Amino acid sequence: DEPIKESGVGATPDDMKDPDVRAKTKAKIFLSFTSNMISSGVRETILYLVKEKKVDVLVTTAGGIEEDIMKCITPHYLGDFSKWKGPEL
């Protein structure tokens, strides 16, 4: 096993953006988050990272059963976190 070479001597950070170069490395990118991150507004960001294959391994928790029950009982809406600024929240 040889480490990835530093810039100018082999694989540069730009080289690592190429899926073929990344596939040849033994390093894996893990994305780990708790289930509340999905309902807190970063769902689309995580979706983008996974769809674009920016991460190799996804690790998450199962979440709270009470949230799943609440979503089954009544309609829920995705909030707009950019609508209010810090002090207004």
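None of the values given here were measured: they were computed from a predicted structure. (Residues numbered from 1 in each chain as written. Predicted model: local features only at pLDDT ≥ 70, side-chain atom pairs only at ≥ 80, totals over all residues. Heavy atoms only, no water.)

Describing unusual backbone geometry
And step 1. Located in the positive-phi region is Lys53, a residue other than glycine, with phi close to 55°.
And step 2. Its location among the elements puts Lys53 in the loop between helix H2 (36-51) and strand E2 (57-60). (Helix = DSSP H or I, 4+ residues; strand = E, 2+ residues; numbered from the N terminus.)

Section: the layout of surface pockets
And step 1. By volume, the largest pocket is sized at about 240 Å³.
And step 2. As for the largest pocket, its lining consists of 14 residues, and the residues nearest its centre are Met16, Pro19, Arg22, Lys53 and Asp56.
And step 3. Residues that form the lining of the largest pocket fall into these classes: six nonpolar, one polar and seven charged. (1 Å grid on protein atoms, 1.4 Å probe; cavity = no way out; pocket = protein on both sides within 12 Å on 5 of 7 lines; lining within 4 Å. Points joined across faces, edges and corners; volume = space filled by probe spheres on them. Nonpolar A, V, L, I, M, F, W, Y, C, P; charged D, E, K, R; others polar.)

Quick notes on H2
And step 1. Of all bends in H2, the biggest is about 110°, found at Val42.
And step 2. Where H2 ends, the next residue or the one after it, Lys53, has phi of about 55°, a positive value. (Bend = angle between axes of the 7 residues up to and from the residue.)

Observations concerning the pairing of strand E1 (residues 30-33)
And step 1. Only one face of E1 is covered, namely the one carrying Leu31 and Phe33; the face carrying Phe30 and Ser32 has none of its residues buried.
And step 2. Pairing of E1 with E2 involves four bridges; the strand directions are parallel. What sits directly across from Phe33, in E2, is Thr60.
And step 3. In the classification by handedness, the crossover that spans E1, the intervening H2 and the parallel E2 is right-handed. (Buried < 20%, exposed > 50% of the residue type's maximum accessible area, 1.4 Å probe, protein only. Pairing = 2+ DSSP bridges. Right-handed = clockwise from strand over helix to strand, strands pointing away.)

A few points about the environment of Leu49
And step 1. For Leu49, the position within the fold is in helix H2.
And step 2. Looking at Leu49, the relative accessible area reads 24%, which means it is partly exposed.
And step 3. Sequence-distant contacts of Leu49, that is, excluding residues within four places in its chain, are made with Leu31, Lys54 and Val55. (Contact = heavy atoms within 4.5 Å.)

Notes on the environment of Ala62
And step 1. Along the chain, Ala62 turns up in the loop between E2 and helix H3 (65-73).
And step 2. Classification of Ala62 by relative accessible area gives exposed; the value is 79%.
And step 3. Sequence separation between Ala62 and Asn36 is 26 residues, and the spatial gap between their C-alpha atoms is 9.7 Å.

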